[in-house]
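Structure assessment
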Amino acid sequence: MSFSAEQFKKQFPLFAQEENAGLVYLDNAATTQKPLFVINAMRDYYIHSSANTHRSSHRLARRSTEIVEQVRYETKQFVNAASTKEIIFCRGATEALNLLAHCLCSELQPGDEIVISTAEHHANIVPWQMMAKRHNLILRYVPHSAGIPQFDRLGEVLNDRTRVVSLTGGSNSIGLRPDLSLIRRLLRPWQLMWIVDGAQLAAHEEIDVQKIGCDFFVCSAHKFYGPSGIGFLYGRETLLESMPPWHGGGEMIAEVEFQQSHYAELPHKFEAGTSPLAAIAGLGASLDFLSRQDRIAMAEHEQRLTHWLHRELNASPNFRLISQASHNLGIISFVPVEGSATDLMHWLDERDIAVRVGHHCAQILGRTSGNQVTVRASIAAYNTDDDIRAFLQALEDYCEVQQLVTSGVEVHSKSWARDDFSLLQLERLASHQNWQGRYRELLQWSKVVTRKPEIRNPENLVRGCESEAWLVHREIDGRHFFGLDSDSRVVKGLGALLLSQIDGCTADEVQALDLPQLFNELGLSKHLSQSRSNGFYALMRRALHQIESGAERS
């Protein structure tokens, strides 16, 4: 078998849509696109087989049950489990990790220990924190250097009280792929349970839990070309048998009495209620789809693109690489030297290049490494050489624009004072017929917002995953005045636009404004998206809330 990214990409209908003709999709660590094969499987389920499983005996129920159990068998084959009893369907890796944390920790004793690493996704940190607090357990971290786990030092945090070790199979933030064979050797002498978070692993390499040697393995289908809302947990049968159930309800019981219940056998003990049946059909299709590909050739293609991007960014003085090419699943993490990661994200978005900016649900890694907000480009097999060239060209163009707007001197205020927005001209912003012009104009507007170190404290912080901004407010004689600061020039430019309309106004004057219409007319409506990571939207909501609160007090 051989592999062609161009031919592979043709199997994904999203890329064939007219509105996506120029799309460069580099956000694959967040979710992958879906091939027609998977989409059709879910559609066919609803058209031909939709019924609840394991309960009724009619024809449709039998067919639906057959599909679910066939997918369970295919999943067993996919990870080389010993039995279908070892495959538990769940909503994804996050739910699987919560299940394990709840069930395993409920059997532990106060003072028992759990080991995780600084490179974990929040889904492999927060559940253990919650259970540690509930059951008086101790949470330890693999020793690290500047945030990067030193897995060869794992033995330093293992002892006779260690009961659970839960580690990533591949970092979603920096792409780091741990040496699982090394971890297996280090854990072998200890009586403990080893969990591998394989959410990022399955799309890039074949999984063999027998070879890995782990006790549990979790995965999400949407990370490897399958549907969202479905994933699976692999667990050794003896361990699953000994664990108490997590959710109670239908399907997971054998018999219900007045004061107690007897639970179903594996795997149904952990599958309470009706499962997402069409998504399970889609999961099966994604496994079938992957089995038809040359996985080795796919991985080689992804690695070539990963090394290419690392090589180019490493050679550029305009970017600082966070990730490394070696032992990398296919993730390039970096920050621009000029401007902020958020500024770069907005520039790329206007080029229809999809990347992720933020902490990537890995705040501990960000804090310990000193890189809390980064740009992440993540590779999938359908990414082509043209995608990479377009991405690199967009980065080069971004640097040119930043050099133009950084020629002036940034103003620092000694104490918080109002910025002067009187010279900002909406007509000039509206006159730009393309996004490049509007972007440059916003960067110029950002210079009006002076740097205000004295307001940069937690009380004034407006949280946004992609960017941070600080906003202060004071009311004088019924009029509302604001001070703003941010590391993002785009957020400062948008903030200048917002404050040019509301700063110094009364609550009634602000209420009379139609801000959404204004942003729409200026071609900036996307910045009003209610995405949790939209720092500007959070900023605007904070300002309007402060005005509303002031009006209520009056």
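Use the structure listed above.
Below, the structure is looked at part by part. (Residues numbered from 1 in each chain as written. Predicted model: local features only at pLDDT ≥ 70, side-chain atom pairs only at ≥ 80, totals over all residues. Heavy atoms only, no water.)

1. Examining the overall build of the protein
Of the regular secondary structure elements, the protein holds 19 helices and 21 strands. The dimensions of the protein, computed from C-alpha atoms along their principal axes, are 70 × 55 × 55 Å. Residues counted as buried form 55% of the 554 residues belonging to the protein. Here the analysis covers contacts within the protein between residues at least 6 apart in sequence; of these, 71% occur between residues at least 24 apart. Taken as a whole, the protein presents about 24,600 Å² of accessible surface, with 47% of it coming from carbon and sulfur. (Helix = DSSP H or I, 4+ residues; strand = E, 2+ residues; numbered from the N terminus. Buried < 20%, exposed > 50% of the residue type's maximum accessible area, 1.4 Å probe, protein only. Contact = heavy atoms within 4.5 Å. Areas by Shrake-Rupley, 256 points an atom, 1.4 Å probe, with all protein chains shown as cover.)

2. Observations regarding helix α3 (residues 59-79)
In a regular helix each residue adds 1.5 Å, so 21 residues correspond to 30 Å; α3 covers 31 Å between its end C-alpha atoms and thus fits that length. A61, S64, T65, I67, V68, V71, R72, T75, K76, F78 and V79 are the residues of α3 that are buried. Close packing links the buried residues of α3 with α2 (36-49), β2 (87-90), α7 (209-212), β10 (231-235), α9 (277-291) and α10 (295-315). At the C-terminal side of α3, N80 shows a positive phi close to 60°. (Expected span 1.5 Å × (residues − 1).)

3. Things to note about the environment of R134
By secondary structure assignment, the location of R134 is in helix α5 (residues 126-135). In this structure R134 comes out as exposed when scored by relative accessible area, which is 53%. Measuring from C-alpha to C-alpha, the distance between R134 and E468 comes to 32 Å, with 334 residues separating the pair along the chain.

4. Brief notes about the side chain of K76
As for its position among the elements, K76 is in helix α3. The buried charged residue K76 lacks any salt bridge partner; its closest oppositely charged side chain belongs to E86, at an N-O distance of 8.0 Å. A polar contact is formed between the side chain of K76 and the side chain of Q77, at a distance of 2.7 Å. Ignoring sequence-local partners within four residues, the contact set of K76 consists of A81, A82, S83, T84 and I87. (Lys, Arg positive; Asp, Glu negative; His and termini not counted. Salt bridge = Lys/Arg side-chain N within 4 Å of Asp/Glu carboxyl O. Polar contact = N/O pair within 3.5 Å; in protein donor to acceptor, adjacent residues only side chain to side chain.)

5. Describing the nonpolar core
Counting residues in hydrophobic clusters, the biggest one holds 67 residues, and the most contacted among them are F334, L348, F391 and L395. Considering every element that reaches this core, the biggest residue donor is helix α13 (residues 385-405), with 9 residues. Aside from chain neighbours lying at most four places away, what touches L348 is I353, V355, F391, A394 and L395. Membership of the second largest hydrophobic core comes to 57 residues, among which are F12, V157, F289 and L329. (Core = buried A, V, L, I, M, F, W, Y, C linked by side-chain atoms within 4.5 Å.)

6. Considering the packing of α2 against α3
One way to put it is that α2 packs onto α3 with a least axis distance of 10 Å and a crossing angle of 155°. The angle between α2 and α3 falls in the class roughly antiparallel. Residues Y45, H48 and S49 of α2 form the contact with α3, whose participating residues are L60, R63, S64 and I67. When its residues are assigned to classes, the contact of α2 with α3 shows 3 nonpolar, 3 polar and 1 charged. (Axes fitted to C-alpha atoms, helices over the stretch in contact; angles between N-to-C directions. Parallel < 35°, antiparallel > 145°, perpendicular 65-115°, else oblique. Nonpolar A, V, L, I, M, F, W, Y, C, P; charged D, E, K, R; others polar.)

7. Digging into a nonpolar patch on the surface
A surface patch of nonpolar side chains, amounting to about 270 Å² of accessible area, comprises I253, V256 and Y263. By secondary structure assignment, the location of V256 is in strand β11 (residues 253-256). Among the residues examined, V256 registers a relative accessible area of 56% and is labelled exposed. (Patch = residues over 30% accessible without salt bridge, like charges linked within 9 Å, V, L, I, M, F, W, Y side chains within 5 Å.)

8. Side note on the sheet that holds strand β18 (residues 461-462)
Read from one edge to the other, the open sheet built from 4 strands follows the order β18-β19-β20-β21, with strand pairing classed as antiparallel. If you trace the sheet from one side to the other, it starts and ends with β18 and β21 (505-506), each paired once. Note that strand β20 (residues 479-486) and β21 share 2 bridges and pair antiparallel. Within the sheet, the bridge partner assigned to R479 lies in β21 and is T506. Along the sheet, helix α16 (residues 489-502) makes contact with β19 (469-476), β20 and β21, crossing β20 at roughly 175°. (Pairing = 2+ DSSP bridges.)

9. Points about the pattern of salt bridges
Close approach of charged atoms lets side chains of opposite charge pair. One pass over the structure, following the stated rule, counts 27 salt bridges. Residues K526 and E350 are paired through a salt bridge, measuring 3.3 Å at the closest nitrogen-oxygen approach. One end of the pair, K526, is in the loop between α18 (515-521) and α19 (535-553); the other, E350, is in helix α11 (residues 341-350), and 176 residues separate them in sequence. Residues D419 and K452 are paired through a salt bridge, measuring 2.6 Å at the closest nitrogen-oxygen approach. Of this pair, D419 sits in the loop between α13 and α14 (426-431) while K452 sits in the loop between α15 (435-445) and β18, and the two are 33 residues apart along the sequence. Exposure class is identical for D419 and K452. Each is buried. Salt bridges sharing common partners tie together E69, R72 and E271.

Everything listed here is a matter of geometry and, on its own, says nothing about what the molecule does.
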